[in-house]
Amino acid sequence: MARYIVTVTPPTPNGDLHLGHLSGPFLAADICRRSLMAKGHEVIMVCYSDDYQSYLPRKAEALNRSAADYGALMRRAIVLSSELAGVEFDHFPPARDNPWFRDSVEHYLDCVAEDVSAQVVSVHRCPNCRKWGHEAWGRGGCNSCGTSSDASQCEGCASKPIPALMTGMTCIACGTPMRMETQTAQVWALGRHFETVAAWHATRGMRDDLRDYLAANLAKTSDTWPITRPGDAGLPVARFGGDPVHTWFMGLSGYRAAVKEYLEDHPERGRFADWWSPQTNLVHFLGFDCSYSHAIAYAVQQVCDPSGPTIGRFVTNRFLMLDGDDFSTSRGNAVWIKDVTGLYPADAIRLFTALHAPETKAENFVMAEFKAWVQEVFRPLAAELTRAVEQGLPAQSTSRWTGTAAAIACADAARLDSFSMQCMARSVLRLLEEVRAAPAADRPAGYRLAIDLIAPILPTLSETLARTLTHEPA
Ligand SMILES: [Zn+2]
Ligand SMILES: [Zn+2]
C-alpha cells in the first residue's frame, strides 16, 4: 500500500464547471483516484480555486462585481458541479485570503530564493487605458506557433511567448494596439536545474506529446521566468515590496496548501510531514497548455525542496470542442455540468466523456450524438449489468477472463505510467462484448471482472450493484 496525492489544475473561478473541464483533468483524476483506492492505496485528491488568475478580474469587471466575491461564489459552484459529476475532492479551498496558501507560496519562494533576482523586463501596455498585457488584458500572435495567445502561456503550443516577438498585441479592454514598456520584475533563473528535472522525467511514463515538449524545453538551460507581474493579478508579497507573484508560479503551493489544511482538519488521515514527503507519489492531471508550469516550473520547485514529494507523473489532455467550436466560458459556448447532470445519469456522462476524452488530440462533443448514445448504449448497458448481478456473480473472476487482451489492456490503462481513461473505457466495453458472446456458463465470471473494471468510471451504478451483490438494503 502506498500514498498518492492526485492533483487537478485549478479552474479559473470566472464561471462554472463545463464539460470541457470534465473531459480534461477532472474526470481522469477522479477515475485514477478510484482505481488507486480500489487497489488498496491511500489517496488524497486536491484542487483549489485559481483566484489570482488575471482572467477573474476581467470577468468581474464585465459583470460589475468584485473579483473576490465573484470568485468565491464560482468556487462554490465548481465544487457543487464536481460533486454532481461524481468527482470527489478531499479538499478544494480558495486561494484568496487563505493563510495556508500564502504560507506555501512563501515556502517555495524560500526554496528558489537564490535563483531569483530583480531585473528590468519588457511588457506590453495599453497606451489608452494603461492596462498591462501580462495575461488576460492583452492578446496577439504567439511567437512560437502563430495562434492567438496571451503573453503568459500559449493554449496552442504550451510555450511561454516572448512578449517582444509577439505580433499584433491588442488591449482586450479597449481594442487599442499595445506598446512595449519596461518594468522591474523578479526573474527566476530556473533553467539551471533543467538537467536534474530531465533526469527525473526520463524515469516516468508520459504521453508522447509531453515527452517531446519537455525534450525541446528542458534543453534551454539558460531559461528564465519573471515570477512577479507588477500591475497585474497575483498574490502581493512583502519580500518583493508588495509586487504580486503571478498565479502560474503558485500551483504547487496551492496543492501543498490544500493537503496541509485538509490534514489539519482530518488528523485521522495522517500527518502532513508524512504525506508531503519523498515517500508519497504525486500524480498531476493538467491541460497540455499547463505543461510549462507543472512539468517544468513546479518540477524545479520540487528539486529545490528535498523535504517534499519527488517529481511525480503528469497526465496531460487536449481540448474538447463543442459542435466544432472551442468551449468558452467567456463566450458562453459550453455544456454546463449542472445542466447536463440534471438531465442524464452522471455515470452516462462519465462513460461517454471517458470514451471520447481528448487525451492526445482535440475531440468534438455533439449533444445529439450523446443523447442517442444514452438511449442506445448506456441504458441497455446499465440494465444488462444489473440483470447479471441479480442472477448471481462469483466473488472473483477467473483466468479465463483476467487473461484476455481486453482485460489486460484495461488494467494497463489504469497504471500511472500509461494512464488513459479512454483506453480503460474502450477496453472494458470490448470485454463486455466478449462476455456476451461467451457460453452461458462462462458469463458470470466475465461480468464479475467487467463490473470491477468499470467501477471507477461508473461509481453510482457500481454502488447500487455492490449493494445488490451483498443484499444490503438501499
Ligand atoms: Zn486599453
Ligand atoms: Zn503558441
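Residues numbered from 1 in each chain as written. Chains lettered and ligands numbered in written order. Predicted model: local features only at pLDDT ≥ 70, side-chain atom pairs only at ≥ 80, totals over all residues.

### Topic: the overall build of the protein
Piece 1. Within the protein, the secondary structure is distributed over 17 helices and 15 strands.
Piece 2. A compact globule built from 474 residues would reach a C-alpha radius of gyration of about 23 Å, and the protein, at 23 Å, matches this within 12%.
Piece 3. Based on the C-alpha atoms only, the size of the protein along its principal axes is roughly 75 × 45 × 40 Å.
Piece 4. Among the 474 residues that make up the protein, the fraction classed as buried is 50%. (Helix = DSSP H or I, 4+ residues; strand = E, 2+ residues; numbered from the N terminus. Rg over C-alpha atoms; globule rule 2.2 N^0.38 Å. Buried ≥ 20, exposed ≤ 12 C-beta atoms within 10 Å, placed from the backbone.)

### Quick notes on the domain arrangement of the protein
Piece 1. You can read the domains of the protein as domain 1 (1-116 + 190-365) and domain 2 (367-470).
Piece 2. Spacing between the C-alpha centres of domain 1 and domain 2 amounts to 30 Å.
Piece 3. Contacts between domain 1 and domain 2 engage 27 residues on the former and 23 residues on the latter.
Piece 4. Every element with two or more residues in the side of domain 1 that touches domain 2 is listed here: helix 1 (19-38), strand 12 (313-317) and helix 11 (346-355).
Piece 5. Among the elements that line the side of domain 1 that touches domain 2, the one with the most residues is helix 11, at eight residues. (Domains from an automatic or database assignment. Contact = placed C-beta atoms within 7 Å.)

### Focus on unusual backbone geometry
Piece 1. Of note in the backbone geometry, asparagine 64 takes a positive phi value of approximately 55° without being a glycine.
Piece 2. Inspection of the secondary structure assignment puts asparagine 64 in the loop between helix 2 (55-62) and helix 3 (67-84).

### Considerations on the sheet that holds strand 11 (residues 281-287)
Piece 1. Taken together, the four strands give an open sheet; going across it, the order is 2-1-11-12, and neighbouring strands pair in parallel fashion. A single partner strand is all that each edge strand has here, and the edge strands are strand 2 (42-46) and strand 12. If you compare each strand with its neighbour and ignore which way they point, the axes differ by 15° on average.
Piece 2. Pairing of strand 1 (residues 3-8) with strand 11 involves five bridges; the strand directions are parallel. Along strand 11, the bridge assignment pairs threonine 7 with histidine 284. (Pairing = 2+ DSSP bridges. Axes fitted to C-alpha atoms, helices over the stretch in contact; angles between N-to-C directions.)

### Considering the nonpolar core
The tendency in soluble globular proteins is for nonpolar side chains to be buried as a group.
Piece 1. With 135 residues, the main nonpolar core has Val46, Val259, Met424, Leu431 and Ala450 as its most contacted residues.
Piece 2. At nine residues, the largest contribution of residues to this core is made by helix 1.
Piece 3. Each of two domains, domain 1 (1-116 + 190-365) and domain 2 (367-470), supplies a minimum of three residues to this core.
Piece 4. The residues touching valine 46, leaving out its near neighbours within four places in the chain, are Ile5, Thr7, Phe89, Asp90, His91, Tyr255, Ala258, Val259 and Tyr262. (Core = buried A, V, L, I, M, F, W, Y, C linked by C-beta atoms within 7 Å.)

### So, the packing of helix 11 against helix 15 (residues 421-437)
Piece 1. Running from N to C, helix 11 and helix 15 point in directions that differ by 105°, and their axes come no closer than 7 Å. In this view, helix 11 runs roughly perpendicular relative to helix 15, as classed from their interaxial angle. Packed against helix 11, whose contacting residues are Leu351, Ala354 and Leu355, the element helix 15 presents Met421, Gln422, Met424, Ala425 and Arg426 at the interface.
Piece 2. Across the contact of helix 11 with helix 15, the residue classes break down as six nonpolar, one polar and one charged. (Parallel < 35°, antiparallel > 145°, perpendicular 65-115°, else oblique. Nonpolar A, V, L, I, M, F, W, Y, C, P; charged D, E, K, R; others polar.)

### Focus: the environment of alanine 77
Piece 1. Locating alanine 77 in the fold gives a position in helix 3.
Piece 2. Taking the number of C-beta atoms within 10 Å as the measure of exposure, alanine 77 has 16 and is therefore partly exposed.
Piece 3. Along the backbone, alanine 77 and tyrosine 55 are 22 residues apart, and their C-alpha atoms lie at a distance of 17 Å.

### A short note on the packing of helix 11 against helix 12 (residues 367-390)
Piece 1. Contact geometry for helix 11 and helix 12: axes closest at 11 Å, N-to-C directions at 105°. The orientation of helix 11 with respect to helix 12, classified from their angle, is roughly perpendicular. Residues Ala348, Leu351 and Phe352 of helix 11 pack against Phe370, Trp373, Val374 and Phe378 of helix 12.
Piece 2. Each residue belonging to the contact of helix 11 with helix 12 can be placed in one class, and the counts come to seven nonpolar, no polar and no charged.

### Observations regarding the sheet that holds strand 14 (residues 325-326)
Piece 1. Strand order in the open sheet formed by three strands is 14-13-15, and the pairing between neighbours is mixed. Two strands in the sheet have a free side with no partner beyond their single neighbour: strand 14 and strand 15 (363-365).
Piece 2. Judged from the two bridges that link them, strand 13 (residues 320-322) and strand 14 form a sheet pairing that is antiparallel. Within strand 14, the residue paired with methionine 321 across the bridge is aspartate 326.

### Looking at the pairing of strand 7 (residues 179-188)
Piece 1. Relative to strand 7, strand 3 (residues 116-125) runs antiparallel, the two sharing 10 bridges. Opposite valine 121, over in strand 7, you have glutamine 183 as the bridge partner.
Piece 2. Of the pairings in the sheet, the one linking strand 7 to strand 8 (residues 225-226) comprises two bridges and is antiparallel in character. Following the sheet pairing, valine 187 is matched in strand 8 by proline 226.

### Brief notes about the pairing of strand 11
In the case of a regular strand, side chains alternate between the two sheet surfaces.
Piece 1. Within strand 11, six of the seven residues are buried, which leaves the element mostly enclosed by the surrounding structure.
Piece 2. The pairing of strand 11 with strand 12 spans five bridges and is classified as parallel. Looking at the pairing, histidine 284 lines up with phenylalanine 314 of strand 12.

### Some remarks on the environment of tryptophan 248
Piece 1. Looking at the element boundaries, tryptophan 248 is found in the loop between strand 10 (244-245) and helix 7 (251-265).
Piece 2. A count of 23 C-beta atoms within 10 Å places tryptophan 248 in the buried class.
Piece 3. Along the primary structure tryptophan 248 and tyrosine 52 are separated by 196 residues, whereas in three dimensions their C-alpha atoms are 9.1 Å apart.
Piece 4. Residues contacting tryptophan 248, with those up to four places away along its chain left out, are Ser152, Gln153 and Ser293.

### Brief notes about the environment of valine 120
Piece 1. The residue valine 120 is located in strand 3 in this model.
Piece 2. On the basis of neighbour count, valine 120 is assigned to the exposed category, with 9 C-beta atoms found within 10 Å.
Piece 3. The spacing of valine 120 and arginine 467 is 347 residues in sequence and 64 Å in space, taken between C-alpha atoms.
Piece 4. Each residue touching valine 120, except ones within four places of it in the same chain, is listed here: Thr182 and Thr184.

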